[in-house]
Amino acid sequence: MKKTELMYEGKAKRVYATDTDGICIVDYKDDATAFNGAKKGTIVGKGVVNNRMSNRIMRMLEKHDIPTHLIEELSERETAVVRVSIVPVEVIVRNIAAGSLSKRLGIEEGTKLPSVVLEYCYKNDALDDPMINDSHAIAMGLATKEDLDTISAYALKIDEILIDFFAKLGIELVDFKIEFGKKPDGTIILADEISPDTCRLWDSITHEKLDKDRFRRDMGGVEDAYQEVMRRLTGE
Ligand code: TMP
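First, a word on what this report is: a plain description of the structure on this page. (Residues numbered from 1 in each chain as written. Predicted model: local features only at pLDDT ≥ 70, side-chain atom pairs only at ≥ 80, totals over all residues. Heavy atoms only, no water.)

Considerations on the overall build of the protein chain
Along the protein chain, the regular secondary structure elements total six helices and 14 strands. A compact globule built from 236 residues should have a C-alpha radius of gyration of about 18 Å, and the protein chain, at 17 Å, falls within 12% of that. If one aligns the C-alpha atoms of the protein chain with their principal axes, the spans along those axes are about 50 × 45 × 35 Å. Split into buried and exposed, the 236 residues of the protein chain put 50% on the buried side. Of all intrachain contacts in the protein chain linking residues separated by at least 6 positions in sequence, the fraction that spans at least 24 positions is 56%. Carbon and sulfur atoms make up 52% of the accessible area of the protein chain, which totals about 11,300 Å². (Helix = DSSP H or I, 4+ residues; strand = E, 2+ residues; numbered from the N terminus. Rg over C-alpha atoms; globule rule 2.2 N^0.38 Å. Buried < 20%, exposed > 50% of the residue type's maximum accessible area, 1.4 Å probe, protein only. Contact = heavy atoms within 4.5 Å. Areas by Shrake-Rupley, 256 points an atom, 1.4 Å probe, with all protein chains shown as cover.)

Brief notes about the site of the ligand
Taken together, 13 residues are adjacent to the ligand, and Arg-94, Ser-100, Asp-175, Lys-177 and Arg-200 come closest. At a separation of 2.6 Å, an oxygen atom of the ligand approaches a polar side-chain atom of Ser-100. In this structure, an oxygen atom belonging to the ligand sits 2.5 Å away from a side-chain N or O atom of Asp-175. Out of a free accessible area of 450 Å², the ligand has 76% covered by protein chains. Secondary structure elements with two or more residues in the shell around the ligand: strand 9 (89-96), helix 2 (99-105), strand 12 (171-182) and strand 14 (199-203). Among the elements that line the shell around the ligand, the one with the most residues is strand 12, at three residues. Of the residues contributing to the shell around the ligand, the split by class is four nonpolar, three polar and six charged. (Near = heavy atom within 4 Å. Polar contact = N/O pair within 3.5 Å; in protein donor to acceptor, adjacent residues only side chain to side chain. Nonpolar A, V, L, I, M, F, W, Y, C, P; charged D, E, K, R; others polar.)

Quick notes on the environment of Lys-63
One can find Lys-63 in helix 1 (residues 46-63). On the basis of relative accessibility, which here comes to 71%, the residue Lys-63 falls in the exposed class. The spacing of Lys-63 and Ala-225 is 162 residues in sequence and 27 Å in space, taken between C-alpha atoms.

Comments concerning the packing of helix 1 against helix 4 (residues 145-167)
Packing of helix 1 against helix 4 leaves a shortest axis separation of 11 Å and a crossing angle of 120°. As helix 1 runs across helix 4, the sense of the crossing is right-handed. Here Met-53, Ile-57, Met-60 and Leu-61 of helix 1 lie close against helix 4, whose contacting residues are Ile-158, Ile-161, Leu-162, Phe-165 and Phe-166. The residue inventory of the contact of helix 1 with helix 4, partitioned by class, reads nine nonpolar, no polar and no charged. (Axes fitted to C-alpha atoms, helices over the stretch in contact; angles between N-to-C directions. Left-handed = near helix turned anticlockwise from the far one by under 90°.)

Some words on the side chain of Lys-177
Position of Lys-177 among the secondary structure elements: in strand 12. A polar contact of 3.1 Å, which involves the side chain of Lys-177, links it to the side chain of Asp-192. In this view, Lys-177 contacts Glu-90, Val-91, Ile-92, Asp-192, Glu-193 and Thr-198; residues no more than four positions away in its chain are not counted.

In structure tokens, the structure reads:
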């Protein structure tokens, strides 16, 4: 399989078409942005960690009957994935208050949420990814009611699986963002990535942040945090 043209370049990844129908190649970059691109930087080795970590997690999720876009890891930074059209709804799942939820609702960061919180945001950089609900998504034609039923059920199941998965690595899953894609036949599958860019991961004992918040908040030790998550994941 060979890359043909660059289809899309995002803030953290490039997506290429290939000479094989229905398959794309994703190339993970070390570029990091925050606050919708207002803050820019590089996290050395991030692309390698995110590629490998996302693939391991998606393989594991597949074993739990979550369909994903993953086909095959091709290299340190490149993965073959199923070509989908991304549903322009970012799905955020929260177990512990942090980030924008803490800010918006005045709940202290670190407070365990008595029940899981599911949020949707409209994936639109020009509008700063505003939060929406089901009726907005349906009225705007971003997804159908059936799509959202599937997406929310997958999101909550993924949360349960990931909480357990990370707990075994001594990591608390605070929250995460996922995206889904639609195959030409209309099937919804998990797409994009699951990595320290898209999850809040805290050490279970020290509550040390092991994710992109170290970059967003200028805390230092960003590369080390990504490598630490990878080390725990691979047991290396
Ligand atoms: P938030 O608290 O800033 O809304 O973030 C919630 C979760 O979503 C957190 O794990 C980080 C992740 N996230 C992304 O992956 N991409 C984004 O653009 C934003 C804003 C958050």
